[in-house]
Amino acid sequence: MSNLNQALSERPDIQIALSNYFLFLAEPGYWWHGAQKVAIAAAARAASSCSLCAEKKAALSRNQIKALHAENDQLSPLTVDMIHQIITDQGRITESQVQALEQSGVSRLAYAELVGIVVCLFSIDEFCRALSQPLLELPQPQPGLASQRTPDNLETNTGFVPMIAREGLTEAVQDLWPEGFGANVIRALSAAPDLVRQWKQLAAVFYLPLEEMRNLTQSASRRLNRMQMELIAGRVSAINRCFY
Amino acid sequence: MLRVSAKLAGDTVDLTALTGASDTKDAGVKHGALLLAFAEAVMSRGSSTLTMARDALEQASSAGIVIEAAGVAANFQRMVRIADATGIPVDDMASELGSTIREELGLYVFEGAANSIPRP
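**So, the overall build of chain A**
Looking only at helices and strands, chain A has 10 helices and two strands in total. Each helix (α) and strand (β) of chain A, taken in turn from the N terminus, gives the series α-α-α-α-α-α-α-β-β-α-α-α. For 244 residues, the compact-globule estimate of 2.2 N^0.38 gives 18 Å, and chain A sits close to it at 18 Å. C-alpha extents for chain A along the principal axes are approximately 50 × 45 × 40 Å. Once local pairs closer than 6 in sequence are excluded, the contacts in chain A between residues at least 24 apart make up 60%. Measuring between centres, the 21 positive side-chain charges of chain A sit 7 Å from its 24 negative side-chain charges.

**Some thoughts on the overall build of chain B**
Looking only at helices and strands, chain B features five helices and zero strands. For chain B, the sequential pattern of α-helices and β-strands runs α-α-α-α-α. The dimensions of chain B, computed from C-alpha atoms along their principal axes, are 50 × 35 × 25 Å. In chain B, which comprises 120 residues, the share counted as buried stands at 48%. At a minimum sequence separation of 6, the contacts of chain B that also span at least 24 residues come to 35%. Accessible area for chain B stands at about 5,400 Å²; split by element, carbon and sulfur atoms hold 55% of it. Counting 10 positive and 15 negative side-chain charges, chain B places the centres of these two groups 5 Å from one another.

**Focus on the interface of chain B and chain A**
Facing the 72 residues of chain B at the interface are 67 residues of chain A. Our count for the chain B to chain A interface comes out at two salt bridges. A salt bridge links R235 of chain A to E40 of chain B; its shortest N-O distance comes to 2.7 Å. Connecting chain B to chain A are 18 residue pairs in polar contact (both at pLDDT 80 or more). Looking at the side of chain B that touches chain A, the elements that each hand over two or more residues are α1 (2-9), α2 (32-44), α3 (47-60) and α4 (63-86) of chain B. In terms of residues, the side of chain B that touches chain A owes the most to one element, α4 of chain B, which gives 24 residues.

**Considering the packing of aromatic side chains**
Residues and elements named next belong to chain A. Under the counting rule described, the total for this entry stands at four aromatic pairs over all chains. On the basis of an interplanar angle of 40° and a centroid distance of 5.9 Å, the ring pair of Y21 and F24 is categorised as tilted. On the criterion of helical spacing, the pair formed by Y21 and F24 is a turn pair, its members being three residues apart in helix α2 (residues 12-26). Exposure remark for Y21: the relative accessible area of 0% places this residue in the buried category. In this structure F24 comes out as buried when scored by relative accessible area, which is 10%. In this structure an aromatic cluster arises from ring pairing among Y21, F22 and F24. Over the ring of F24 we find K37, and its NZ or CZ is 3.8 Å from the ring centre.

Conventions we followed
Along each chain, numbering runs from 1 in the same order as the chain's sequence is written. Written order decides the labels, with chains lettered from A and ligands numbered from 1. Reporting in this predicted model follows two pLDDT cut-offs: at least 70 for local features of residues, and 80 or more for side-chain atom pairs to be given and counted; totals over whole chains, interfaces and linings ignore these cut-offs and use all residues. For the side-chain quantities, the full set of heavy atoms in the structure was used; hydrogens and water were omitted. Helix and strand labels come from DSSP, where a helix needs a run of H or I of at least four residues and a strand needs a run of E of at least two; each type is numbered from the N terminus. Our radius of gyration looks at C-alpha atoms and nothing else; its globule reference is 2.2 Å times the residue count to the power 0.38. It only takes one pair of heavy atoms within 4.5 Å for two residues to be counted as in contact. The charged-residue count follows a simple rule in which Lys and Arg add positive charge and Asp and Glu add negative charge, with His and chain termini not counted at all. Every charge is mapped onto a representative atom, which is NZ of Lys, CZ of Arg, CG of Asp or CD of Glu. In this scheme, a residue with accessible area under 20% of its type's maximum is buried, one over 50% is exposed, and one in between is partly exposed, where area comes from a 1.4 Å probe on protein chains only. Accessible surface is estimated by sampling points in the Shrake-Rupley manner with a 1.4 Å probe; for residues, cover comes only from the protein chains shown. Counted as salt bridges are all cases of a side-chain nitrogen of Lys or Arg within 4 Å of a carboxyl oxygen of Asp or Glu. Side-chain atoms alone can form a polar contact between residues adjacent in sequence; in general such a contact is a pair of N or O atoms within 3.5 Å, and within protein one must be able to donate a hydrogen while the other accepts it. Here a pair means two rings of Phe, Tyr or Trp (six-membered ring of Trp) with centres within 6.5 Å. Their orientation is stacked below 30 degrees between planes, edge-to-face above 60, and tilted elsewhere. Geometrically, a charge over a ring is one whose NZ (Lys) or CZ (Arg) sits within 6 Å of the ring centre while staying within 35 degrees of the ring normal.

None of the figures reported here should be taken as evidence of function without further support.
Written as structure tokens, this is what we have:
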């Protein structure tokens, strides 16, 4: 066993979080059923090697490239196009695109859930790629209908999607963020609370648990100190042209 | 976060390393040059570049550090996409420290700035 595989085996928390995500992915969600969720993940996985995305990314305006991605039996071309853009050209996503998606039948609530599915899968895949590990096989979807449940206290005055008000956590979702910790990036996916739970679980093993983020020196559970972590975080964010 | 964590550790960090413009290769952080090279290699998607950067980091530190570094990179590949795909603004644009850093690093040219600064 290589040193990396040995070190990975000493982090069962990572293996558990990844396995949990794939179990979650297979189940019916809020606005997408299991087969659609897996199809969203498959589209996200395909985006990195998509030649149309490369063409759109290189264009001064994406609208110069009129071609659409091919539809599949679960997702419309517009939906696939958005999934791919979240991976390959996220900085140029505009509210008018989200509006167009809404007019095509994907509500903003469904879009929030879709974003969560895409970004969690991408994060896991990036971890595997960074270590030259094989990508984990996508799960077989579980039967069942989307629940169409929405949490209480959604507001629509921040960003492109509805999200739970900073002080609006009810008992059913009180685990989403600690009191006084409702930064926009945590609230962004809260219309689909399970996606916040999934990203928190991934963040806890890849980076730090939410509760430890205020410790800006050295986490007892990490070898990297906080400066080293933030150096990597900052460089990845800068290359991604992240303003947030 | 980087500047604050450095201050708490009693260190001085070169923030321009984040945009690839640093004169000090390690940015004032232990293994900084190797960590930056690894982060850039992850983003580059070049397999030989990635292998070299990963091996160099492992030799200078440990396999456990490499796992953690991969995790942090993967984590922030997710965060930027949440922010940009949902159009969220920066939580506190009025913060003087945040404003100074954004200015220093030239972040206002990034497309996502429009979500925090309304277009005229």
